[in-house]
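Structural features, examined
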Amino acid sequence: KKAPYEIRREFFDLSLGAPPRMAPQAIESQARRVGVFRVFGRTHVLYIAPTRRGGFCATFSGAWGTCAPTRGDRPLSVGWTGSPFNPRSGTRAPEHAMDVGGEVLARNARTIQVEYEDGSKQPIPFVYVSKPIDAGFFYFGIPAGHVRPGTRARALAVLDARGKVIARERYPYAPRRPVYAVIPRPGHRPVVRSPKLPPPSPPVQIGSDGGVTVRAGANGVAVFDTTGATPHVARLIRGNGLSYVCFSFMRFHETTPAELGYTRSTLPRVAIRTFGIPRPFDGCEIQGSYGHRWPDRNGSHSAVEIAFDARARRFFADRAAARDVALLVRTRAVQRLRKLPPSEVADAIRRRYGDTGRIRITVSGDRLVFSERSTTGRRFSVVVRGGKIARENVKPFAFVF
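Everything numeric here is computed off the predicted structure, so don't read it as measured data.

We now examine the state of the cysteines. Per the counting criterion, the structure on display carries two disulfides. Each disulfide pairs two cysteine sulfurs, and for Cys 57 the partner residue is Cys 67, the sulfurs being separated by 1.7 Å. Pair noted here: Cys 57 is in strand 4 (residues 56–60) and Cys 67 is in strand 5 (residues 64–68), with a separation of 10 residues, a long-range link. Going through the protein chain in sequence order and numbering each bonded cysteine, the pairs you get are 1-2, 3-4.

Shown next as structure tokens:
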């Protein structure tokens, strides 16, 4: 099917493909695949769609996206990715730009180039899409050798046919200052009470779990009554810093629901009010602030899970199974053990933890497979090869590394 706009080819494969879902304001029927970018060895497909108010939405698969309902007047919009952070060591590499991407609205743009602190300049390719998009798009990985001060990327410039700079965006380097984390001592967090809210309006949904009852109204107000909590649940929701959440499944949130939650202290009654989440809700929950170690003290479920329908019950069950597998695989002890030959890992994990419960650990050639079947019948697995994650299907319920 011919696109309603033309594409100027610049070093890219422009074959059509099935575009991913975009923001609601995009005209999805006019979405087109317009470019393929290679950044750090990975392929990112660019999809473009116009909006009903004259703007456009752009998505680089597996990377990032943007959506402007109306067309702005800035000639150049740029996004940078900064220095990577190492969660294990708690350190960050010297501040530098890793990649850059964005769009060009200047119609006389002919060249885009990255400017480095050592004075060198590097042209980068971009793809221009004519009306109704009428903009250029680019995504570029900064090559090796531009990490240390004096060599880093400092700006991105757009030039016209005569080589005159018509727009420039600088990378916002700032002096590095030490950051000190203040961790509150247990029991010293401030008490966060509920604001004054109207009562839930009819029709009212009522549900309970572990002795905790919630009443959720059509006005988005949900009131959690914890006075009847069982001793087990009372221990899980004791103290401050808990998350009280209600959620609904909707378009673009069909696998995991759209949710809105608030941090509150556990009091006899806690009220929250959601905005932008469709009613009636599919479910509500209370997420405990205790540390989650494997095996999780609540079976990888939240402290309180209240399902108003079968879809929410399936979600809670599948999320618990995915969390259980992910939590075991990413524990510090298992991260060390999974570097052993696969035939030795299963026995080493059993010696370390004993029974692994519902999680099965099997060896398939040079791969180690951790798997668990949810009570819904859905199977979640993480495949490890050479100590690293080779394949997994626990996302977006849980994360593993």
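Attention shifts here to helix 2 (residues 310–329). In this model helix 2 runs 29 Å from its N-terminal to its C-terminal C-alpha over 20 residues, within 8% of the 28 Å that 1.5 Å per residue would give. For helix 2, the buried fraction is high: 15 of the 20 residues fall into the buried class. The opening residue of helix 2, the one whose side-chain oxygen lies 3.3 Å from the backbone nitrogen of Arg 311, is Asp 309.

Glancing now at helix 4 (residues 342–353). For helix 4, built from 12 residues, the straight-helix expectation of 16 Å at 1.5 Å per residue is met to within 8% by its first-to-last C-alpha distance of 17 Å. Turning to helix 4, its buried residues number three or more, namely Val 345, Ala 346, Ala 348 and Ile 349. Positive backbone phi, approximately 80 degrees, marks Gly 354, located one or two places after helix 4.

This part is about the sheet that holds strand 24 (residues 360–364). Ordered in space as 24-25-26-27, the four strands form an open sheet in which the pairing is antiparallel. Two strands lie at the open edges of the sheet, namely strand 24 and strand 27 (388–392), each paired on one side alone. Strand after strand, the sheet turns through a mean of 25 degrees between neighbouring axes, direction not considered. Both strand 25 (residues 367–373) and strand 26 (residues 379–385) contribute to a ladder of seven bridges, which runs antiparallel.

Thresholds applied
- Residues numbered from 1 in each chain as written.
- Predicted model: local features only at pLDDT ≥ 70, side-chain atom pairs only at ≥ 80, totals over all residues.
- Heavy atoms only, no water.
- Disulfide = S-S within 2.5 Å.
- Helix = DSSP H or I, 4+ residues; strand = E, 2+ residues; numbered from the N terminus.
- Expected span 1.5 Å × (residues − 1).
- Buried < 20%, exposed > 50% of the residue type's maximum accessible area, 1.4 Å probe, protein only.
- Polar contact = N/O pair within 3.5 Å; in protein donor to acceptor, adjacent residues only side chain to side chain.
- Pairing = 2+ DSSP bridges.
- Axes fitted to C-alpha atoms, helices over the stretch in contact; angles between N-to-C directions.

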